Every structure is written in C-alpha cells, then in structure tokens.
Amino acid sequence: MGDGAHRSGGRGRPRRGVPVAWAVVPRDQLRPVIGVLALQGDVREHLEVLRDQGAQAVRVRRPEELAAVDGLVLPGGESTTMAKLADRFGLLEPLRAAVRGGLPAYGSCAGMILLADRLLDAPPGQPTIGGLDVTVRRNAFGRQVDSFESEIALDGVAGGPLHAVFIRAPWVEEAGADVEVLGRVVGGPADGRIVAVRQGSLVATSFHPELTGDRRVHALFVDIVRRTLAQRAGASAGNEEDNA
C-alpha cells in the first residue's frame, strides 16, 4: 500500500474506486472483474473465454491493475520470460502477496509453473509466484515438436472428458496433502501423470483450455471467484453487524 493511500484517510470521505491493495469490495458478484496477466502468452484467448462466462475481463500489467481484480488468470506462454517481466514491471511481489491474501487464480501451462511452490528442470533461481503446494516439472512432455492433444476427465467438471491441448507442457510431479488432483493423463507413456489440480481458490492445468472452445475450466474458475466474493461479502456483513 502506497504512502498516498495512508495520507488519504485523514480528513473527509475516502475516495471510492481507487485500489490500494487487493481486497474484495462490494461489487456485482454475477459479473466479477477477472484479470489476465498480460505480459506474454495467450492473453486474448483467455479474455474472450472469460467474457463468454459473464466476467468483466481486463488486462493486468501493473500493481494498481492487479489491485482492482477479483480473480486472476496466468496464461500459457514462456514461464521464465513471464517471471522476468513480472519482476521488471514491479508485479512479482504484489502477485505473491495477492495470492497469499486469498486472490483466486487460475494458471494454464506456464501459469501452472508460476503458481507452483517448487520446480524441477527449471533454470537456476527461476522465481515463481507460488501458492500451490506442488512440485511441477517444466517441459515434462518434451519439446514443442512433442506437443499433443488428449481427452482428460476432470473431477468436478460435468459433461464428460475435455479435449486437452498440451504445448511444451509441465506436469505435477508431487502434490501436497491439501491439493486436490482434478485430472490425470490416461494411457501412453505419461499414463497417470497429474495435469490438473486445485488448492482452495487456486486452480492449475498443464493444458490450454482457452485454445479448444471448451469453456468448462473457465466456468469452474469464474464460479470459484463468485463464491469467494459471496463468502467475503457475507463475512464483511457479519463483522458490520457485530460492530453495530
């Protein structure tokens, strides 16, 4: 929180609509504001799918833009490039703080790497945002030429298996006790590998649902954001009653 935010609270009524830190404020829960980290990767595709699900989708490149969202998508792309750009734009620490503070986040492919607490086969010192108690192996399925498509059944997602696109994809090598495994590869040399997880309000997939036209993963995430808003609004109302 900047110095100006501290100074503004002295006299008069506080200004509305100026984000100073990530927090849920009264807002239409049916149309949450969901950001897409717009440093590199499949930004446009995620924005379109989120809008189809009724969210107000916005690009996030700066800390003040991050402070104004109810949820965040970390798109596919190149994880080392995205981490370096986040650091250069002054976003890395605000991203870590937001996720620690309960901001719902969904990471696809490179986004899964960014949300992981631990990495394998990563460049030395590659930073992550963290939040997911998982160990993720970068480029686990091979190089770009080894990209492939498969049918993946996801727990908690109705309607049958999803057609999943894997592009230089990671997988989850190990998942902590509080991590729910949503999906695994079935068949082939990667049989049984974990490719979709959830921990609280954090979701990650190895694949790119934004590229297939299947909206169900994004629908799941938008629902998580709405539920988080409702829970926080209820808690806030309860606190106000206690203080009345």
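Residues numbered from 1 in each chain as written. Predicted model: local features only at pLDDT ≥ 70, side-chain atom pairs only at ≥ 80, totals over all residues. Heavy atoms only, no water.

1. Comments concerning helix α5 (residues 92-100)
(1) Moving on: Where α5 is concerned, the buried positions are L92, L95, A98 and V99. Along α5, the residues classed as buried sweep out an arc of 125° about the axis, all on the same side.
(2) Moving on: Considering only its buried residues, α5 is in contact with β1 (33-37), α3 (63-66), β3 (71-74), α4 (79-88) and β12 (202-205).
(3) Moving on: In the stretch just after α5, G102 is the one whose phi turns positive, near 105°. (Buried < 20%, exposed > 50% of the residue type's maximum accessible area, 1.4 Å probe, protein only. Helix = DSSP H or I, 4+ residues; strand = E, 2+ residues; numbered from the N terminus. Arc of directions from axis to C-beta. Contact = heavy atoms within 4.5 Å.)

2. A look at the environment of A57
(1) Moving on: Topologically, A57 is positioned in strand β2 (residues 56-60).
(2) Moving on: A relative accessible area of 7% means that A57 is categorised as buried.
(3) Moving on: Spatially, the C-alpha atom of A57 lies 9.4 Å from that of R31, the residues being 26 residues apart in sequence.
(4) Moving on: Apart from the residues lying within four places of it in its own chain, the contact partners of A57 are I34, L47, L50 and R51.

3. Brief notes about the pattern of salt bridges
(1) Moving on: For the coordinates displayed, the defined rule picks out twelve salt bridges.
(2) Moving on: A salt bridge links E65 to R62; its shortest N-O distance comes to 3.5 Å.
(3) Moving on: The exposure class of E65 is partly exposed, given its relative accessible area of 25%.
(4) Moving on: When the shortest N-O distance is used, the salt bridge between E173 and R193 registers 3.7 Å. Taken as a pair, E173 in strand β9 (residues 171-175) and R193 in the loop between β10 (180-184) and β11 (194-199) lie far apart in primary sequence, 20 residues in all.
(5) Moving on: Owing to a relative accessible area of 27%, E173 belongs among the partly exposed residues under this scheme.
(6) Moving on: Classification of R193 as partly exposed rests on a relative accessible area of 30%. (Salt bridge = Lys/Arg side-chain N within 4 Å of Asp/Glu carboxyl O.)

4. Brief notes about the confidence of the model for the protein chain
(1) Moving on: With 83% of its residues at a pLDDT of 70 or more, the protein chain has an overall mean of 87.
(2) Moving on: Note on residues 1-26: pLDDT under 50 across the span, and 20 contacts to partners over four residues away in sequence or across chains. (pLDDT = per-residue confidence, 0-100.)

5. Digging into the side chain of H208
(1) Moving on: With respect to the secondary-structure elements, H208 resides in the loop between β12 and α7 (216-243).
(2) Moving on: Of the polar contacts made by the side chain of H208, one reaches the side chain of D42; its length is 3.1 Å.
(3) Moving on: Discounting chain neighbours no more than four positions away, the residues touching H208 are D42, G76, C109, V165 and I167. (Polar contact = N/O pair within 3.5 Å; in protein donor to acceptor, adjacent residues only side chain to side chain.)

6. Regarding α4
(1) Moving on: Within the span of α4, buried status applies to S79, T80, M82, A83, L85 and A86.
(2) Moving on: Buried-residue contacts for α4 involve β1, α5 and α6 (110-115).
(3) Moving on: G90, located one to two residues past α4, shows a positive phi value of around 70°.

7. A short note on the packing of aromatic side chains
(1) Moving on: What the rule picks out here adds up to six aromatic pairs.
(2) Moving on: Between F141 and F166, the aromatic rings sit 5.2 Å apart at their centres with planes inclined by 50°, giving tilted as the arrangement. Of this pair, F141 sits in the loop between β6 (132-137) and β7 (148-152) while F166 sits in strand β8 (residues 162-166); the two residues are 25 residues apart in sequence, bridging distant segments of the chain.
(3) Moving on: Residue F141 is classed as buried on the basis of its relative accessible area of 14%.
(4) Moving on: For F166, a relative accessible area of 1% gives the class buried.
(5) Moving on: With a centroid separation of 4.6 Å and 5° between ring planes, the pair formed by F148 and F166 is classed as stacked. With a gap of 18 residues between them, F148 in strand β7 and F166 in strand β8 connect regions that are remote in the sequence.
(6) Moving on: Classification of F148 as partly exposed rests on a relative accessible area of 27%.
(7) Moving on: Each member of the aromatic cluster is reached from another via a ring pair, and the members are F141, F148, F166, W171 and F207. (Phe/Tyr/Trp six-rings, centres within 6.5 Å; stacked < 30°, edge-to-face > 60°.)

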